[in-house]
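Summary of the model geometry
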Amino acid sequence: MNPKQKIFKILNQADGVVSGETLSAELGVSRVSIWKHIQGLVKSGISIVSSPKGYRLVSDPDSLVPWAFDTWQDRIHFFQETGSTMDEATVMARKGCADFTVVVAQRQTRGRGRMQRTWQSADGGLYFTVVVRPDIPMMLAGLVNLAAAVDMARLLRSLYQVDACLKWPNDILVDNHKLCGLLSQMEAEGDQVAHMNIGIGLNVNNVPETETPIAISLKALLGRPVPRREILVAFMNVFEKRMLAFDPHVVIDEWKSNNVTLGRRVRVITVKDMVEGTAVDVDSHGGLILQLADGTRQTVMHGDCFHR
Ligand code: BTN
């Protein structure tokens with residue numbers, strides 16, 4: 001544990017003010033050095049009140065700084081501001097970071113969505129990327145995205161009783177309003193996945209910009225702010241379990257039972273093309289099977305899907 005972690009732990013466990021003297025004795029460093037560490041903690045987003053009597057941590061269930069997490073703190077990398085958590089995660093993944101490393105940001109200046117869109121990432125939203133290293137062939141990588149969306153939708157339903165449903169491939173909608181989007185990037189070794197970075201943008205306490213479908217936040221749905229840390233912890237707990245026992249059939253079954261795309265007339269816009277039809281099924285790799293007007297079937301693997 002570094003000095004800042006130790007100070008955070010002591011303040012977190014204390015019920016009130018801890019004097020500079022106590023901290024200095026516990027850490028074996030001068031009070032000036034304690035003061036400098038406290039400034040560092042405050043700069044990294046932790047709320048600490050200083051008074052002549054000492055220091056008091058202001059409890060903040062929304063805080064995303066690693067020390068505020070019990071079990072996940074060694075794998076969480078927090079940025080007050082970054083371009084995109086996807087880019088930070090890519091650098092870490094290429095350097096060999098651990099499975100289930102999480103990069104989370106308070107805000108992103110170049111947050112991106114699928115199909116080269118911008119992802120508005122103002123304060124209050126939950127923006128994070130998880131690095132996973134599943135032992136699966138590249139062909140099945142799309143199912144990891146579906147799995148992440150299933151897990152997030154389920155936990156939103158169980159924690160907040162919102163009617164979170166999946167729109168192919170992995171948007172999470174409530175009453176046709178977009179609550180959450182997922183983006184993934186993969187690097188391969190031969191035909192196996194080397195790592196996948198799953199980026200998740202969840203509208204929690206932010207006011208999302210209008211897009212199609214119209215976006216909505218958890219705060220707007222529930223009429224109260226929601227602490228982001230409990231969502232991130234709950235997601236990581238279920239997603240880790242899921243990935244350690246990854247079963248493609250289970251993912252597809254669960255996706256199907258939470259989706260609002262199958263059975264509907266849809267338009268799917270791909271990088272090069274546009275296809276319209278009725279969404280009839282997903283295949284074993286997560287591709288969407290469309291029944292076209294001429295009766296033939298076509299499978300699309302990637303694209304933006306619009307319900308008609
Ligand atoms: C979409 O619906 O288009 C996907 C949005 C994904 C946004 C998240 S926010 C965290 C991560 N970092 C990014 O730049 N994008 C993803």
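Residues numbered from 1 in each chain as written. Predicted model: local features only at pLDDT ≥ 70, side-chain atom pairs only at ≥ 80, totals over all residues. Heavy atoms only, no water.

Quick look at the side chain of R229
Worth spelling out the cut-off: Under the DSSP-based scheme used, a helix requires at least four consecutive residues in state H or I and a strand at least two consecutive residues in state E, with every element numbered from the N terminus. Only protein chains enter the accessibility calculation, which uses a 1.4 Å probe; a residue is then buried when its area is under 20% of its type maximum, exposed when over 50%, and partly exposed in between. By the counting scheme adopted, Arg and Lys are positive, Glu and Asp are negative, and His together with the chain ends is not counted. By definition, a salt bridge exists where a carboxyl oxygen of Asp or Glu is found within 4 Å of a side-chain nitrogen of Lys or Arg. We define a polar contact as two N or O atoms separated by no more than 3.5 Å, with the added condition that, inside protein, one atom must be a possible hydrogen donor and the other a possible acceptor, whereas residues neighbouring each other in sequence contribute only through side-chain atom pairs. Every residue pair with non-hydrogen atoms within 4.5 Å of one another is taken to be in contact.
The residue R229 is located in helix 7 (residues 228–244) in this model. No salt bridge is formed by the buried R229, whose closest oppositely charged neighbour, D60, lies at an N-O distance of 5.9 Å. Only 3.4 Å separates the side chain of R229 from the backbone oxygen of A68, close enough to count as a polar contact. Every residue in contact with R229, bar those within four places of it in the chain, is listed here: D60, P61, D62, S63, L64, A68 and F69.

Side note on the pairing of strand 7 (residues 171–174)
Filter applied, for reference: When DSSP finds at least two bridges between two strands, those strands are taken to pair.
Burial along strand 7 is two-sided: the face carrying D171 and L173 and the face carrying I172 and V174 are both buried. Counted along the chain from strand 6 (residues 164–167) to the antiparallel partner strand 7, the turn is three residues long. The sheet contact formed by strand 7 and strand 8 (residues 177–189) spans three bridges and is antiparallel. Its bridge partner lying in strand 8, L173 is registered against K178. Adjacent in sequence and paired antiparallel, strand 7 and strand 8 are bridged by two residues, among which D175 carries a positive phi angle near 50°.

As for the sheet that holds strand 4 (residues 101–108)
Definition in use: For helices, the fitted axis covers only the stretch in contact; all axes are lines through C-alpha atoms, and the angles between them, taken along N-to-C directions, range from 0 to 180 degrees.
Across the sheet, which stays open at both edges, the seven strands sit in the order 3-4-5-9-8-7-6 with mixed pairing between neighbours. Edge positions in the sheet fall to strand 3 (76–82) and strand 6, since each of these pairs with one other strand and no more. On average, each strand axis in the sheet is tilted by 20° relative to the strand beside it, whichever way the strands run.

With respect to the environment of D163
Inspection of the secondary structure assignment puts D163 in the loop between helix 5 (141–160) and strand 6. A sequence separation of 145 residues divides D163 from V18, and the C-alpha atoms of the two residues are 44 Å apart. Among the polar contacts listed, one links the side chain of D163 to the side chain of R157, at a separation of 3.4 Å.

Describing empty space enclosed by the protein
Here is the rule: Think of a 1 Å grid over the protein atoms and nothing else: a 1.4 Å probe that fits but is trapped marks a cavity, an open set flanked by protein within 12 Å on at least five of seven lines marks a pocket, and residues with an atom within 4 Å of a point count as lining. Grid points are joined across faces, edges and corners, and a volume is the space filled by probe spheres set on the points. Residue classes follow a fixed rule: Ala, Val, Leu, Ile, Met, Phe, Trp, Tyr, Cys and Pro count as nonpolar, while Asp, Glu, Lys and Arg count as charged, and any other residue, Gly among them, counts as polar.
Considering all chains together, one arrives at one cavity of 30 Å³ or more under this definition. Estimates place the volume of the largest cavity at around 180 Å³. In terms of lining residues, the largest cavity is bounded by 21 residues, among which R112, W119, L183, G199 and G201 are the most central. Secondary-structure elements contributing two or more residues to the lining of the largest cavity are helix 4 (85–94), strand 5 (126–132), strand 8 and strand 9 (192–202). The dominant element in the lining of the largest cavity, judged by the number of residues it contributes, is strand 8, at four residues. A per-class count over the lining of the largest cavity returns seven nonpolar, nine polar and five charged.

What is shown is where atoms sit, not what they do.
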